[in-house]
Amino acid sequence: MTTLTLQQVAAGLANGELTSVALTECALARIDDRAGEGARVFTRVYRDEARRQARDADQRRAAGQPRSALDGVPLSVKDLFDVAGEATTAGSRVLADAPAAPRHAAVVARLLQAGVVLIGKTNMTEFAYSGLGINPHYGTPANPWDRAARRIPGGSSSGAAVSVSDGMCFGALGSDTGGSVRIPAAFCGLTGYKPTARRIDDAGLLPLSTSLDSIGAIGRDVADCIALDALVAHHALAPEEKALSRARFAVPQTLVLEGLDPDVSAAFERSLQRLARAGARIEPVACTAFAELAAINAGGGFSALESWRRHRTLIAERAAEYDPRVLSRIRRGAALDENDRLQLETRRADWQRRVTAEVRDFDALLMPTVPVIAPTIAELEADEERYFRINGAALRNPSVINFLDGCALSLPCQRPGDAPVGLMVAGLPLSDDALLGWALAIERCLADA
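Predicted, not measured: the structure shown is a model, and the values here were computed from it.

Draft legend 1. Quick look at the side chain of Ser303. Among the structural elements, Ser303 can be located in helix H11 (residues 301-318). Residue class for Ser303 comes out buried when judged on its relative accessible area of 12%.

Draft legend 2. The arrangement of the UniProt feature "domain: Amidase" (unreviewed entry) in the protein in detail. Within this structure's numbering, the places UniProt gives as "domain: Amidase" (unreviewed entry) are residues 24-436. Spanning residues 24-436, this segment combines 39% helix with 13% strand, and its end C-alpha atoms are found 29 Å apart.

Draft legend 3. Looking closely at the environment of Ser76. Note that Ser76 resides in strand E2 (residues 74-78). Among all residues touching Ser76, those that are not within four sequence positions of it are Phe42, Ile119, Gly120, Thr122, Ser163, Cys169, Gly171, Ala172 and Leu173. There is a polar contact of 3.1 Å between the side chain of Ser76 and the side chain of Ser163.

Draft legend 4. Here's a closer look at the sheet that holds strand E9 (residues 364-368). As summarised here, the arrangement of the 11 strands in space is E1-E3-E2-E4-E6-E5-E10-E11-E9-E7-E8, forming an open sheet in which the pairing is mixed. Looking at the sheet topology across the chains shown, the edges are occupied by strand E1 (42-45) and strand E8 (281-285). Geometrically, the sheet is characterised by an average inter-axis angle of 25 degrees between neighbouring strands, direction not taken into account. Examined bridge by bridge, E1 and strand E3 (residues 117-122) share three bridges and lie antiparallel to one another. The partner of Val45 across the bridge, within E3, is Gly120. Across the sheet, helix H4 (residues 47-62) is in contact with E1 and E3; its angle to E3 comes to roughly 155 degrees. Along the sheet, helix H16 (residues 432-448) makes contact with strand E5 (191-194), strand E7 (248-252), E9, strand E10 (407-412) and strand E11 (422-427), crossing E10 at roughly 10 degrees.

Draft legend 5. Examining unusual backbone geometry more closely. In this chain, Gly155 is followed by Ser156 through a cis amide linkage whose omega measures 5 degrees. Counting through the fold element by element, Ser156 comes out in the loop between E3 and helix H6 (158-165). Of note, the phi angle at Cys287 is positive, near 50 degrees, even though the residue is not glycine. Mapping Cys287 onto the fold places it in the loop between E8 and helix H10 (293-296).

Draft legend 6. The arrangement of the pairing of E7 in detail. Burial of E7 is extensive: four of the five residues sit out of reach of the surface. When E7 meets E8, the two strands line up parallel, connected through five bridges. Bridge pairing in E8 places Val251 opposite Pro284. What joins E7 to E8 is helix H9 (residues 262-277), and the crossover it makes is right-handed. Sheet analysis places E7 next to E9, joined by two bridges and oriented parallel. The partner of Phe249 across the bridge, within E9, is Ala364.

Draft legend 7. The arrangement of the nonpolar core in detail. Of all hydrophobic cores here, the largest spans 49 residues; its most connected members are Phe81 and Val107. Elements with a contribution of two residues or more to this core: helix H1 (6-15), E2, helix H5 (106-113), strand E6 (215-219), helix H8 (222-232), H11 and helix H12 (324-331). Leave out the neighbours within four places in its chain, and Val107 touches Phe81, Leu173, Ile200, Asp201, Ile215 and Val232. In terms of nonpolar packing, the next biggest core, distinct from the first, is built from 34 residues, Tyr193, Leu244, Ile442 and Leu446 among them.

Draft legend 8. Focus on the environment of Cys26. Within the fold, Cys26 resides in helix H2 (residues 20-32). Sequence separation between Cys26 and Asp58 is 32 residues, and the spatial gap between their C-alpha atoms is 15 Å. Dropping the residues within four chain positions of it, Cys26 is found in contact with Met1 and Thr2.

Draft legend 9. Broad picture of the pattern of salt bridges. In total, this model carries 31 salt bridges according to the counting rule given. The partner of Arg389 in a salt bridge is Glu385, and the shortest N-O contact between them spans 3.3 Å. Here the residue Arg389 and the residue Glu385 both occupy positions in helix H15 (residues 384-404), the gap between them amounting to four residues, near one helical turn. Residue Arg389 is classed as partly exposed on the basis of its relative accessible area of 45%. A single salt-bridge network, built from bridges that share partners, covers Glu306, Arg309, Glu338, Arg341 and Glu345.

Cut-off values and rules
- Residues numbered from 1 in each chain as written.
- Predicted model: local features only at pLDDT ≥ 70, side-chain atom pairs only at ≥ 80, totals over all residues.
- Heavy atoms only, no water.
- Helix = DSSP H or I, 4+ residues; strand = E, 2+ residues; numbered from the N terminus.
- Buried < 20%, exposed > 50% of the residue type's maximum accessible area, 1.4 Å probe, protein only.
- UniProt positions renumbered as here; feature names shortened; annotations may be inferred.
- Contact = heavy atoms within 4.5 Å.
- Polar contact = N/O pair within 3.5 Å; in protein donor to acceptor, adjacent residues only side chain to side chain.
- Pairing = 2+ DSSP bridges.
- Axes fitted to C-alpha atoms, helices over the stretch in contact; angles between N-to-C directions.
- Right-handed = clockwise from strand over helix to strand, strands pointing away.
- Core = buried A, V, L, I, M, F, W, Y, C linked by side-chain atoms within 4.5 Å.
- Salt bridge = Lys/Arg side-chain N within 4 Å of Asp/Glu carboxyl O.

Listed below in structure tokens is the structure:
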């Protein structure tokens with residue numbers, strides 16, 4: 001039961017083979033298993049409320065009145081979405097005594113309106129400011145792959161990914177500012193979807209960078225992500241699987257293929273070969289503008305500038321309570337002012353225009369989601385230089401799409417038994433419907449090979 005996709009769960013609920021109560025008890029048992037990762041995956045578990053929601057969902061189905069196809073399905077949300085009546089802590093101890101949220105975040109309200117069972121809030125990198133998922137306050141959940149070695153889950157939506165991989169829920173909502181949905185999906189062998197940001201209402205989201213933040217989904221496959229997106233987006237999409245024989249995909253040659261681990265390089269090349277055999281045209285494209293991002297963001301970029309403005313008062317009072325690695329990145333924003341913001345916005349707009357002109361005739365961009373496989377938690381906690389180097393590597397490729405304001409999915413592309421590797425399929429802003437259709441086709445091709 002714990003490895004079912006959302007489609008399978010929805011079908012089981014619809015035909016009476018499954019009940020919401022049974023699904024919820026199974027999820028809670030996985031969370032409470034002392035040999036598992038539940039204590040590090042969740043910052044808050046809504047046991048009593050989840051059980052009540054499950055009973056109500058079963059009663060609605062018995063009466064023939066489900067609120068949605070996912071009515072009664074246990075889902076999780078990242079610990080930066082407001083839930084009415086409690087503080088939103090964003091993976092930090094600093095906000096534990098913050099005022100309670102007066103209302104649910106917009107996406108939480110939409111989930112509850114659809115009848116889902118909100119199982120809990122998931123752990124994350126403090127304030128979403130890292131792609132690794134390490135959290136010194138609540139612990140770091142271990143990647144499902146090679147668990148004995150305790151490898152990083154990826155971040156910042158670390159708990160979101162492991163909550164799905166370990167069957168503690170059947171889908172998760174997270175946020176993605178520079179890859180924070182796609183990175184943990186890639187490291188954990190799942191599918192992660194970063195939509196065009198404006199498609200989803202971010203009211204009640206504790207931001208990292210309002211210029212780059214987007215709300216995304218993690219599931220077991222593309223259909224899971226489509227189903228989750230349909231619950232929370234302003235307008236649900238209805239993507240249809242595309243024919244790969246008509247595809248024209250671009251593989252950027254600048255930046256995104258540098259420094260690939262052998263496992264990542266091999267999985268990526270196999271994926272391209274499979275797609276080509278299925279009839280897709282795959283063409284190298286220079287995308288030299290990608291090389292400009294390091295200089296554009298040299299001072300810390302939007303994330304440092306905007307997070308500093310949010311945190312500077314709290315840092316003045318309680319800096320010692322922050323994760324030092326997160327604190328150092330936020331503090332880079334202290335040197336940035338309104339002129340820096342205006343320059344960033346101007347350079348971003350120009351960069352977006354040039355990249356769009358180069359790739360607009362392609363159906364999607366293909367690249368490795370992350371250039372490395374997941375290292376161990378211990379090695380990154382012990383070595384600050386390695387921590388920041390791997391963090392930069394993890395964020396490098398996904399953050400290109402956030403700067404573009406585009407949409408993207410990370411699909412697992414490794415061979416069975418190998419280290420998880422993500423294939424990123426990306427598109428221009430508001431090309432989500434078509435992109436998801438191509439992702440469905442790519443997913444099928446990779447699974448059939």
